[in-house]
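Remarks on the overall topology
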Amino acid sequence: MSSTAGQVIRCRAAVAWEAGKPLVIEEVEVAPPQANEVRLKILFTSLCHTDVYFWEAKGQNPLFPRIYGHEAGGIVESVGEGVTDLKPGDHVLPVFTGECKECDHCKSEESNMCNLLRINTDRGVMLNDGNSRFSINRKPIYHFVGTSTFSEYTVVHVGCVAKINPLAPLDKVCVLSCGISTGLGATLNVAKPSKGSTVAIFGLGAVGLAAAEGARIAGASRIIGVDLNAKDLKKFGVTEFVNPKDYNKPVQEVISEMTNGGVYRSVECTGNIDAMISAFECVHDGWGVAVLVGVPHKNAEFKTHPMNVLNERTLKGTFFGNYKPRSDLPSVVEKYMNKELELEKFITHSVPFSEINKAFEYMLKGEGLRCIIRMEE
């Protein structure tokens, strides 16, 4: 066991005290893990748009003070009672969703939506006792999606921790904790394009480009990127770019004309309801499959003519790319280690922990894809 096991650890954390205000580096107390929990030392974390969205507190229940962060890589510091498959020193990725391995979803080969550990953005405490493991002067600081990786140490449910190859560089594979795996899995696990097929990707942020990476790995011959802004796309395998604003007809008609009736597969990564409809209506009848990844506005309605379904187009959804965190993420890391999956091209910035607010500035300005935050300076 580690020398700090069972003790309260004092460390630095970036605390969000109120919506939209810069994070403040504070000394926090991190309690020991309880039953079925592990305490992690975070070495590298990344900023995802979801962190920014909830930090801004637009359209959801605000909960402050809070420690954000959910894309990260670290090392197990200590384990709580009942944890048998992790030990101090293990290299891990904490994940915002979990795998209890006991519920119907976890036992099913078709689902990764764990009943116990599915993402909960409103809950700011641990499941075991309904309390936070973070505090400042005995006042609780709330968790975020069960991970809170903007802290040098954090406590996570064991079902939300994936043990990975200790040789994998944590400053690279940390981005697999959320967005990159979501896009990659949406293509490889759900859309499943065949070699030589045509794929359309709607939305070319980090998730969409990861979906394109999946299409590249699968051997798609044409990867059509759809977005309002052109970017450096060739390195992600995108072969053609379409800006819907360049046409006076629906973009699904444009893509259908480009591909002799529609693409084999499409993956939507924007959360925009119009893009979702376009992604479904641009696939070929008879065999086309559209996969929805983006999360729409709570009042959005998906409308399409029933004939699009009767003509044997298929609409699917996915959550975290259909990856089970504990069972599947280690193999995604191995794809990187085997040079099948490229991660470096997604990492566009790096800052020390003391400058974490710069990462937020990059994200808000739309600069780059992922900013790695180095916890040790």
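One structure accompanies this document, and this report is about it.

What counts and what doesn't
- Residues numbered from 1 in each chain as written.
- Predicted model: local features only at pLDDT ≥ 70, side-chain atom pairs only at ≥ 80, totals over all residues.
- Heavy atoms only, no water.
- Helix = DSSP H or I, 4+ residues; strand = E, 2+ residues; numbered from the N terminus.
- Rg over C-alpha atoms; globule rule 2.2 N^0.38 Å.
- Contact = heavy atoms within 4.5 Å.
- Areas by Shrake-Rupley, 256 points an atom, 1.4 Å probe, with all protein chains shown as cover.
- Lys, Arg positive; Asp, Glu negative; His and termini not counted.
- Charge placed at Lys NZ, Arg CZ, Asp CG, Glu CD.
- Salt bridge = Lys/Arg side-chain N within 4 Å of Asp/Glu carboxyl O.
- Buried < 20%, exposed > 50% of the residue type's maximum accessible area, 1.4 Å probe, protein only.
- Phe/Tyr/Trp six-rings, centres within 6.5 Å; stacked < 30°, edge-to-face > 60°.
- Pairing = 2+ DSSP bridges.
- Axes fitted to C-alpha atoms, helices over the stretch in contact; angles between N-to-C directions.

**Let's talk about the overall build of the chain**
The number of helices and strands found in the chain is ten helices and 17 strands. Computed over C-alpha atoms, the radius of gyration of the chain comes to 21 Å, within 12% of the 21 Å expected from 2.2 N^0.38 for 377 residues, which places it in the range of a compact globule. Overall, the chain is about 65 × 40 × 40 Å in size when its C-alpha atoms are taken along their principal axes. When contacts within the chain are restricted to residue pairs at least 6 apart in sequence, those whose partners lie at least 24 apart make up 70%. In the form shown here, the chain has an accessible surface area of approximately 16,300 Å², with 48% of it arising from carbon and sulfur atoms. Between the centroid of the 40 positive side chains of the chain and the centroid of its 44 negative side chains there is a distance of 1 Å.

**Quick look at the pattern of salt bridges**
Pairing of side chains with opposite charge becomes possible as their charged atoms draw close. Inspection of every chain in the model, using the stated rule, returns 20 salt bridges. Residues E152 and R12 are paired through a salt bridge, measuring 3.0 Å at the closest nitrogen-oxygen approach. Placement of the pair is E152 in the loop between β7 (139-141) and β8 (153-157) and R12 in strand β1 (residues 9-15), with a sequence separation of 140 residues. Of the charged contacts, one joins K345 and E342 as a salt bridge, the two residues approaching to 3.1 Å between their closest N and O atoms. For K345, a relative accessible area of 10% translates into the label buried.

**Details of the packing of aromatic side chains**
The final tally for this structure, using the stated rule, is eleven aromatic pairs. Where F96 meets F320, the ring centres are 5.3 Å apart and the plane angle is 80°; that geometry is what we call edge-to-face. In this pair, F96 sits in the loop between β5 (91-94) and α2 (104-107) while F320 sits in the loop between β15 (314-317) and α9 (325-337), placing the two residues 224 residues apart along the sequence. This pair shows no difference in class: F96 is buried, exactly as F320 is. Three or more aromatic residues link up through ring pairs in this structure, and these residues are Y53, F54, F64, Y68 and F144.

**Section: the sheet that holds β7**
Reading across the sheet, the four strands line up as β1-β2-β6-β7 and stay open at both edges, with antiparallel pairing between neighbours. A strand with exactly one partner marks an edge of an open sheet, and here the two such strands are β1 and β7. Here the average twist between neighbouring strands, direction ignored, is 50°. Strand direction decides the pairing type here: β1 and strand β2 (residues 24-30), joined by seven bridges, are antiparallel. Following the sheet pairing, R12 is matched in β2 by E27.

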